[in-house]
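So you can see what is in the structure, the chains are spelled out below.
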Amino acid sequence: MHSFGYRANALLTFAVTILALMCAMASLSDNLNSPSPTSQVQVLNINWFQKKLDGDDEVSMTLNVSANLESLFTWNTKQVFVFLAAEYETPKNSLNQVSLWDGIIPAKEHAKFWIHTTNKYRFIDQGSNLRGREFNLTLHWHIMPKTGKMFADKIVMSGYRLPDAYR
Ligand SMILES: *[C@@H]1O[C@H](CO)[C@@H](O)[C@H](O)[C@H]1NC(C)=O
Ligand SMILES: *[C@@H]1O[C@H](CO)[C@@H](O)[C@H](O)[C@H]1NC(C)=O
């Protein structure tokens, strides 16, 4: 006869196995869901653009960031971290990335939004490379799931250009 302890243990093992299986299936079904988020960002104004005393360029801009990230939310989504980065090429580096704004989207109800904002983080180039510089604005997101792996992706918006002269 099996002891009570043995049966309790077997039951627990069974429950844990089922739970693990459900989690695996859940994250699998989550991976099958292919999201289709959209985003648009307009540079509404260049507030100022200057070369600082230390020689680095800095620009301040007003942005209209709009996005619909509702499709990133499934029952398995805990929250989504988003950040908007300016990405550009200079003679020294093929990729310079400056984060301009970020936010945490706690639920699907907040995943469709637009905000009118100046850059939350400073847009500084280590050098004097920003005049007339073409850049991309890239909306990156990290999906924090309730179970399974974190998932990250982005939307690249190109065709932006900084003014030719400081102002
Ligand atoms: C920002 O963009 C959204 C969507 O593209 C638009 O509805 C809204 O009017 C814009 N706001 C400003 C201040 O330009
Ligand atoms: C900007 O976007 C374009 C088009 O997606 C891409 O070809 C280019 O490499 C990007 N530039 C940078 C610096 O990431």
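Okay, so let's go over this structure. Since this is a predicted model, take the numbers as computed values, not measurements. (Residues numbered from 1 in each chain as written. Chains lettered and ligands numbered in written order. Predicted model: local features only at pLDDT ≥ 70, side-chain atom pairs only at ≥ 80, totals over all residues. Heavy atoms only, no water.)

## Comments concerning the pairing of strand β3 (residues 77–88)
Note the following rule: Exposure categories follow from relative accessible area, calculated using a 1.4 Å probe and restricted to protein chains: below 20% of the type maximum is buried, above 50% is exposed, and the middle band is partly exposed. In this text, helices come from DSSP runs of H or I with a minimum length of four residues, and strands from runs of E with a minimum of two, each type numbered from the N-terminal end. Two strands qualify as a pair provided that DSSP identifies no fewer than 2 bridges between them.
A large share of β3 lies buried, amounting to nine of its 12 residues. With 10 bridges connecting them, β3 and strand β7 (residues 134–145) associate as antiparallel partners. Looking at β7, one finds that V82 is bridged to W141. Here β3 pairs with strand β4 (residues 96–105) via nine bridges, running antiparallel. Counterpart to E87 in the pairing with β4 is Q97.

## Considerations on the sheet that holds β3
To keep things clear, this is the line we draw: Comment: axis = line fitted to C-alpha atoms, over the contacting stretch for helices; angle = value between 0 and 180 degrees taken between N-to-C directions.
Overall, antiparallel pairing links the four strands, which are arranged β4-β3-β7-β8 in an open sheet. Unpaired on one side and paired on the other, β4 and β8 (151–161) mark the two borders of the sheet. Pairs of neighbouring strands in the sheet enclose a mean axial angle of 20°, with direction left out of account.

## Overview of the site of ligand 1
Put simply, the rule reads: By convention in these notes, a residue is near a molecule or strand provided one of its non-hydrogen atoms lies within 4 Å of it. The term polar contact refers here to a pair of N or O atoms within 3.5 Å; inside protein, the definition further demands a hydrogen-donor-capable atom paired with an acceptor-capable atom, and it admits residues adjacent in sequence only when both atoms are side-chain atoms. In this count, Pro and Cys sit with the nonpolar residues alongside Ala, Val, Leu, Ile, Met, Phe, Trp and Tyr, while Asp, Glu, Lys and Arg are called charged and the others, Gly among them, polar.
As a matter of local geometry, ligand 1 sits amid Q40, Q42, N64, S66 and W114. A distance of 2.4 Å is found between an oxygen atom of ligand 1 and a side-chain nitrogen or oxygen belonging to N64. Within the residue set of the shell around ligand 1, elements represented by two or more residues are β1 (38–51) and β2 (57–68). Residues belonging to the shell around ligand 1 are distributed by class as follows: one nonpolar, four polar and no charged.

## Side note on the site of ligand 2
How we decide: Reported accessibility uses the Shrake-Rupley method at a 1.4 Å probe radius. Residues are deemed covered only where the shown protein chains occlude them.
The environment of ligand 2 is made up of Y88, E89, L95, N136, V156 and S158. Residue N136 places a side-chain N or O atom 2.3 Å away from an oxygen atom belonging to ligand 2. Burial of ligand 2 by the surrounding chains reaches 47%, relative to a free accessible area of 360 Å². Partitioning the shell around ligand 2 into residue classes produces three nonpolar, two polar and one charged.

## Section: a nonpolar patch on the surface
Quick note on the threshold: Patch criteria: residues need more than 30% relative accessible area and no salt bridge. Like-charged residues are merged within 9 Å; nonpolar side chains of Val, Leu, Ile, Met, Phe, Trp and Tyr are merged within 5 Å. Here, a salt bridge means any side-chain nitrogen of Lys or Arg that lies within 4 Å of a carboxyl oxygen of Asp or Glu.
Together, L11, F14, I18 and M22 give the surface a local cluster of nonpolar side chains, amounting to about 430 Å² of exposed area. Its location among the elements puts L11 in helix α1 (residues 4–32).

## Focus: the layout of surface pockets
Note the following rule: Both site types are read off a 1 Å grid over the protein atoms alone. A 1.4 Å probe that fits but cannot get out defines a cavity, while an open set with protein on both sides within 12 Å along at least five of seven lines defines a pocket; lining residues have an atom within 4 Å of a point. Grid points are joined across faces, edges and corners, and a volume is the space filled by probe spheres set on the points.
Space inside the second largest pocket adds up to approximately 170 Å³. Forming the walls of the second largest pocket are 13 residues, and the residues nearest its centre are N93, N96, D125, Q126 and N129. Elements with a minimum of two residues in the lining of the second largest pocket: β4 and β6 (123–125). Counting residues per element, the lining of the second largest pocket draws most heavily on β4, which supplies three residues. Of the residues assigned to the lining of the second largest pocket, the class counts are four nonpolar, seven polar and two charged.

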